[in-house]
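The chain contents come next:
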Amino acid sequence: QLQLVESGGGLVQPGGSLKLSCAASGRTLSNYVMGWFRQAPGKEREFVATLRRSGTSAYYADSVKGRFTFSRDNAKNTVYLQMNNLRPEDTAVYYCAASGGNSDYYTRPDLYDYWGQGTQVTVTS
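Thresholds, definitions, all that
- Residues numbered from 1 in each chain as written.
- Predicted model: local features only at pLDDT ≥ 70, side-chain atom pairs only at ≥ 80, totals over all residues.
- Heavy atoms only, no water.
- Helix = DSSP H or I, 4+ residues; strand = E, 2+ residues; numbered from the N terminus.
- Rg over C-alpha atoms; globule rule 2.2 N^0.38 Å.
- Buried < 20%, exposed > 50% of the residue type's maximum accessible area, 1.4 Å probe, protein only.
- Areas by Shrake-Rupley, 256 points an atom, 1.4 Å probe, with all protein chains shown as cover.
- Lys, Arg positive; Asp, Glu negative; His and termini not counted.
- Charge placed at Lys NZ, Arg CZ, Asp CG, Glu CD.
- Pairing = 2+ DSSP bridges.
- Axes fitted to C-alpha atoms, helices over the stretch in contact; angles between N-to-C directions.
- Salt bridge = Lys/Arg side-chain N within 4 Å of Asp/Glu carboxyl O.
- Contact = heavy atoms within 4.5 Å.

Some remarks on the overall build of the protein
The number of helices and strands found in the protein is 0 helices and 11 strands. Ordered by position from the N terminus, the helices and strands of the protein form the series β-β-β-β-β-β-β-β-β-β-β. Rg of the C-alpha trace for the protein: 13 Å, near the compact-globule value of 14 Å for 125 residues, within the 12% margin. With the C-alpha coordinates of the protein rotated into their principal frame, the extents come out at 40 × 25 × 25 Å. Split into buried and exposed, the 125 residues of the protein put 44% on the buried side. Working note: accessible area of the protein is about 6200 Å², and carbon and sulfur atoms make up 44% of it. With 13 positive and 10 negative side-chain charges, the protein shows a spacing of 4 Å between the two charge centroids.

Looking at the sheet that holds strand β1 (residues 3–7)
The 4 strands are arranged β1-β3-β8-β7 in an open sheet whose pairing can be described as antiparallel. The open sheet has two free edges, formed respectively by β1 and β7 (68–73), since each of these has just one partner strand. Ignoring which end each strand starts from, the neighbouring axes of this sheet average 15° apart. Sheet analysis places β7 next to strand β8 (residues 78–83), joined by 6 bridges and oriented antiparallel. Looking at β8, one finds that Thr69 is bridged to Gln82.

Concerning the pattern of salt bridges
Applying the stated criterion across every chain, the model contains 6 salt bridges. A salt bridge links Asp62 to Lys65, with the nearest nitrogen and oxygen atoms 3.0 Å apart. A relative accessible area of 66% places Asp62 in the exposed class. The partner of Arg108 in a salt bridge is Asp110, with the nearest N and O atoms 2.6 Å apart. Under the relative-accessibility criterion, Arg108 is labelled partly exposed at 45%. In the salt-bridge network here, residues are joined through shared partners; they are Arg38, Glu46, Arg67 and Asp90.

Here we look at the environment of Phe70
Looking at the secondary structure, you find Phe70 in strand β7. Phe70 sits 10 residues away from Tyr80 along the chain, and the two C-alpha atoms are 5.7 Å apart. Leaving out residues up to four positions away in the same chain, Phe70 has contacts with Met34, Gly35, Trp36, Ala49, Thr50, Leu51, Ala58, Tyr60, Val79, Tyr80 and Leu81.

Description of unusual backbone geometry
As a rule of thumb, non-glycine residues mostly have phi less than zero, and peptide bonds are mostly trans rather than cis. One non-glycine residue, Asn77, lies in positive phi territory at about 50°. For Asn77, the position within the fold is in the loop between β7 and β8.

Description of the pairing of strand β5 (residues 46–51)
Within β5, 5 of the 6 residues are buried, leaving the element largely enclosed by the surrounding structure. Where strand β4 (residues 33–39) meets β5, 5 bridges bridge the pair, whose relative direction is antiparallel. Directly across from Trp36, in β5, lies its bridge partner Ala49. Where β4 folds back on β5, the antiparallel hairpin that results is connected by 6 residues, among which Gly42 adopts a positive phi of roughly 80°. For β5 and strand β6 (residues 58–60), the ladder comprises 3 bridges, and the chain directions are antiparallel. For Ala49, the partnering residue across the bridge sits in β6 and is Tyr60. The antiparallel hairpin formed by β5 and β6 contains 6 residues in its connecting segment, where Gly55 sits at a positive phi of about 75°.

This is the structure:
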């Protein structure tokens, strides 16, 4: 069974940066398509980014493209979301997820099999 644990959230001012981590145990992350999602109060869970099994390329939501970077460290069995130039509208609980499906990328949350517990990101002045 794959287990995912996020960390790195916090409070940051607009324009600031945070780096979220998602550490895996139980199985190797390179066997999965990985995703980051977020959910703000009163809103549905929203796609942020997805990373191919190879770890060589990622696909981003338009709202974060050019500001966020999805990466993986195979030695640590951990994925990261580097978030730069943060905006108040980025405030949400951020979740990492893993899918055992056969496609390169998944943007729908229902196509993911494993989820972390989430980490809060708050962007405010």
